[in-house]
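# Descriptive analysis of the structure
The lines below spell out each chain.
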Amino acid sequence: MPRDSRFDILFEPVKIGPVTAPNRFYQVPHCTGMGYQLPQTLATMRGIKAAGGWGVVNTEYCSIHPSSDDVPHPFASLWDEGDVRNMAAMADAVHEHGSLAGTELWYGGIRSSNNLSREVALAPSSFPAAESPWQCAKMDLDDIRRFRGWHRAAALRARQAGLDVVYVYAAHTYILNQFLDRDMNTRTDEYGGTLMQRARLLREVLAETRDAIGDRCAVALRIEVDNEDGGGLDERAELLASLAPLVDLFDVTIADYSQEMGGSRFVKEGSLEPHIAHVRKVTGKPVVSVGRFTSPETMLGQVKRGIVDFIGAARPSIADPFLPRKISEGREDDIRECIGCNICYAHNSSAAAIRCTQNPTMGEEWRRGWHPEQIAVAKQREQVLIVGAGPAGLEAGLMLARRGHEVKIADAGLSAGGRLNWETKLPGLAEWARVRDWRLHQISKLSNIEIFRDSRMAPEDVMDLGIPHVVVATGSRWRLDGRGRSFRAPIASYADARILAPEQVLATPVTGAAVVFDDDHYYLAPAIAEHLARQGAQVTYVTSAGKVAAWSELTAEQHRAHARLLELGVTVIVNALVSGLRPGVAVVSCAYSGATREIAADRVVPVTSRDGDDALCHALKGNGLASLALIGDARAPGLIVHAVYAGHRLAREFGEADVTVRRERPLC
Ligand code: ADP
Ligand code: SF4
């Protein structure tokens, strides 16, 4: 398909200081959980983004000196010649496709605990270092001079590595932002005082970076347009204008990271626009900003209305590294849209390479040789039956069909989608349906795959079909007996008509006192509590963790999830277990002391753990099938990301005798 000419503007080259981006698609610096430890994994992944049409591809935050490390969180580094060589591999991979490569020079200040280097962290004032109970040192004027030298040296190494865009990083509460912050910078020397005085170090670093590398590299500034309390817009605008002569590109955001990085449950596409719309005019320089943009129309609107020069993306480029190419080729309907689940971020936060719910190849480009748009055609065409059309079955079916196999998917439900069909009807989760819808749309384009709905398969039905290869992707069910991380044995009193399965919540009117017991710690229990509260029930949310949706701290959603329940008047009880039911009440035990109390309970929804539905697979074993596989939640109940990955991997490895998984060790 030819490109829709309306989108031509997105493919115009744009000058950024001494370099020119081939188009307006700009992958902003984003964490990968790979950092300096996985240079080939990183270079291959970034190279694929360039191949997919991103005109500028940046690294994650890149430490300039050992006195700023973020261990256990993976970060890039430009400390020495070894780092230069590794960084050059990334730059080469990006240049191969005509894109610009950039890096974001980083110094943590109060946000470095320096577990790796054991150096004392340095900051404008002494505060606890990151999450640790020790503090960083207040920089004296010699420290500041040294810091400037380290920054300049790292900028020179960035240029040596062949990078085209080098960031001065004054956002996200790292050191240059700490100097700007009136609460963190209480200095009485020339680096403290009014905002313009607090910006002295930033101005010096910008000037020195420009002086060192500005002839060949663009100097980008990542900065917030407001301050911690969301205010100070006019003052900040004045600051941005004053810095503009030193800057080739403004990468702008806001101080509220939970909005910038907001999950789709709480924050919608393009949410930064009202905050950053003035920056282009105020600075007269090119501007990039993010907004989880996946709609070409929204991107077009942003550029046409003069909000930004570049469409900034982290998550959309993770979910679909080929997003720009798809627009360019008139294939907008093929874009694998980010669902805003922040599972990518959760893995970086867990010190692991990022993975993606929508894009199972993310992080596997080098290790397994997976490409987001290419899959090897099978040497021999086979017939495959998949039982279950949830995320695992749909992904397996789509990819097997793309490999050329003859695929049938049978599902008991009236519509395909499995768990997505009910979960995405819970408050805030609608965008997650893209996992189902993208796959169904792609399947509809192929002639060698068919989905049979309303088709519950017993073992004999499977055997009657005579299809030699069977994949069982029958999903899982939430346990009703209380078993999970807190209770290993069933709770006898849970055998009670008031127990309501999570799967049945949407189909069951609930009034009166409802208790949701969250032993799972992610999105489901809070979303159910929210749904019930919105239906008018008096909801008590009890969790064995210390906060609502504790695991979603890793997805940057915990704060908002907790606040949402409080706003809705839900009673929140933390560090507690629903240890039993008695007539009219639930028994709540303190997780520490075991002390019990009773709360009214007309309904109790246990969100504890699940049983994989593997009975069909077991019944089919030994029946002479050519192959039989059990995947997804049926094998090990997990997140949607795990199910999609399991389906994808099954398809990649189906019929392959040799599967190579490379292990990376840092190059130097
Ligand atoms: P996953 O996340 O692993 O893909 P889901 O629970 O989302 O799992 O999907 C499993 C799907 O399998 C559901 O749509 C369910 O209707 C279907 N299913 C379960 N058992 C059978 C069966 N015996 N025959 C056909 N479909 C089944
Ligand atoms: Fe988007 Fe989720 Fe993929 Fe992250 S993991 S890029 S939020 S779909």
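Looking at an unreviewed UniProt entry, the protein chain carries the name NADH:flavin oxidoreductase, with the source organism given as Aestuariivirga litoralis. Under the UniProt heading Sequence similarities (unreviewed entry), the entry covering the protein chain gives this text: "In the N-terminal section; belongs to the NADH:flavin oxidoreductase/NADH oxidase family."

## Things to note about the site of ligand 1
The environment of ligand 1 is formed by 22 residues, the closest being Ala392, Asp411, Arg419, Met457 and Asp633. In the model, a nitrogen atom of ligand 1 is placed 3.0 Å from a nitrogen or oxygen of the Ala412 main chain. At 2.6 Å, a side-chain N or O of Asp633 approaches an oxygen atom of ligand 1. Relative to its free-state accessible area of 580 Å², ligand 1 is covered by the protein chains to the extent of 90%. For the shell around ligand 1, a count of residues per class yields nine nonpolar, nine polar and four charged.

## Remarks on the site of ligand 2
By nearness alone, 13 residues border ligand 2, and Cys338, Cys341, Asn342, Cys344 and Cys356 come closest of all. Of all the secondary structure elements, the ones that give two or more residues to the shell around ligand 2 are α12 (315-319) and α14 (343-349). Among the elements that make up the shell around ligand 2, the one with the highest residue count is α12 (three residues).

## Some remarks on the UniProt feature "domain: NADH:flavin oxidoreductase/NADH oxidase N-terminal" (unreviewed entry) in the protein chain
According to UniProt, the positions carrying the feature "domain: NADH:flavin oxidoreductase/NADH oxidase N-terminal" (unreviewed entry) are residues 10-333. As annotated, residues 10-333 has a helix share of 36% and a strand share of 17%, and its two end C-alpha atoms lie 17 Å apart.

## Some thoughts on helix α2 (residues 81-95)
In this model α2 runs 20 Å from its N-terminal to its C-terminal C-alpha over 15 residues, within 8% of the 21 Å that 1.5 Å per residue would give. By the burial criterion, the buried members of α2 are Gly82, Asp83, Val84, Asn86, Met87, Ala88, Met90, Ala91, Ala93 and Val94. On the buried face of α2, the contacting elements are α1 (39-51), β4 (56-63), β5 (76-77), β6 (100-106) and α3 (141-160). Two to three positions downstream of the cap, the backbone nitrogen of Gly82 sits 3.2 Å from a side-chain oxygen, assigning the N-cap of α2 to Asp80.

## A few points about the UniProt feature "domain: FAD/NAD(P)-binding" (unreviewed entry) in the protein chain
In the UniProt entry, the feature "domain: FAD/NAD(P)-binding" (unreviewed entry) is given for residues 383-607. With 24% helix and 26% strand, residues 383-607 has its two end C-alpha atoms placed 38 Å apart.

## A short note on the sheet that holds strand β23 (residues 585-590)
The three strands lie next to each other as β22-β23-β24, forming an open sheet whose pairing is antiparallel. This sheet does not close on itself; its edge strands, each paired only once, are β22 (576-582) and β24 (596-600). Taken over all neighbouring pairs, the strand axes of this sheet differ in orientation by 35° on average, direction set aside.

## What to know about the domain arrangement of the protein chain
Partitioning the protein chain into structural domains gives domain 1 (5-349), domain 2 (383-477 + 612-653) and domain 3 (491-608). With centres defined by C-alpha atoms, the gap from domain 2 to domain 3 works out at 31 Å. Counting residues at the interface gives twelve residues for domain 2 and eleven residues for domain 3. Each partner contributes to the roughly 1,000 Å² buried at the junction of domain 2 and domain 3, and carbon and sulfur atoms together form 77% of this total. It is Trp422, Leu426 and Pro427 that lose the most area in domain 2 upon contact with domain 3, and together they represent 55% of the buried surface on that side. In this structure, the connection of domain 2 to domain 3 is made through zero salt bridges.

## Looking at the side chain of Ser63
Considering the arrangement of structural elements, one finds Ser63 in strand β4. A distance of 2.6 Å separates a polar side-chain atom of Ser63 from the backbone oxygen of Ser68. Other than its neighbours up to four places away in sequence, Ser63 contacts Ser68, Phe75, Ala76, Ser77, Leu78, Trp79 and Trp106.

## Examining α3
The end-to-end C-alpha distance of α3, which contains 20 residues, comes to 29 Å, matching closely the 28 Å that a straight helix rising 1.5 Å per residue would cover. If you check which residues of α3 are buried, you get Asp143, Ile144, Phe147, Trp150, His151, Ala154, Ala155, Arg157 and Ala158. Taken down its axis, α3 places every buried residue within 160° of arc, on the same side. Of the residues flanking the start of α3, the one acting as N-cap is Asp140, its side-chain oxygen 3.0 Å from the backbone nitrogen of Asp142. The first or second residue beyond α3 is Gly162, which carries a positive phi of 95°.

Cut-offs used in this document
- Residues numbered from 1 in each chain as written.
- Chains lettered and ligands numbered in written order.
- Predicted model: local features only at pLDDT ≥ 70, side-chain atom pairs only at ≥ 80, totals over all residues.
- Heavy atoms only, no water.
- UniProt positions renumbered as here; feature names shortened; annotations may be inferred.
- Near = heavy atom within 4 Å.
- Polar contact = N/O pair within 3.5 Å; in protein donor to acceptor, adjacent residues only side chain to side chain.
- Areas by Shrake-Rupley, 256 points an atom, 1.4 Å probe, with all protein chains shown as cover.
- Nonpolar A, V, L, I, M, F, W, Y, C, P; charged D, E, K, R; others polar.
- Helix = DSSP H or I, 4+ residues; strand = E, 2+ residues; numbered from the N terminus.
- Expected span 1.5 Å × (residues − 1).
- Buried < 20%, exposed > 50% of the residue type's maximum accessible area, 1.4 Å probe, protein only.
- Contact = heavy atoms within 4.5 Å.
- Pairing = 2+ DSSP bridges.
- Axes fitted to C-alpha atoms, helices over the stretch in contact; angles between N-to-C directions.
- Domains from an automatic or database assignment.
- Buried area = accessible area lost by both parts, 1.4 Å probe.
- Salt bridge = Lys/Arg side-chain N within 4 Å of Asp/Glu carboxyl O.
- Arc of directions from axis to C-beta.

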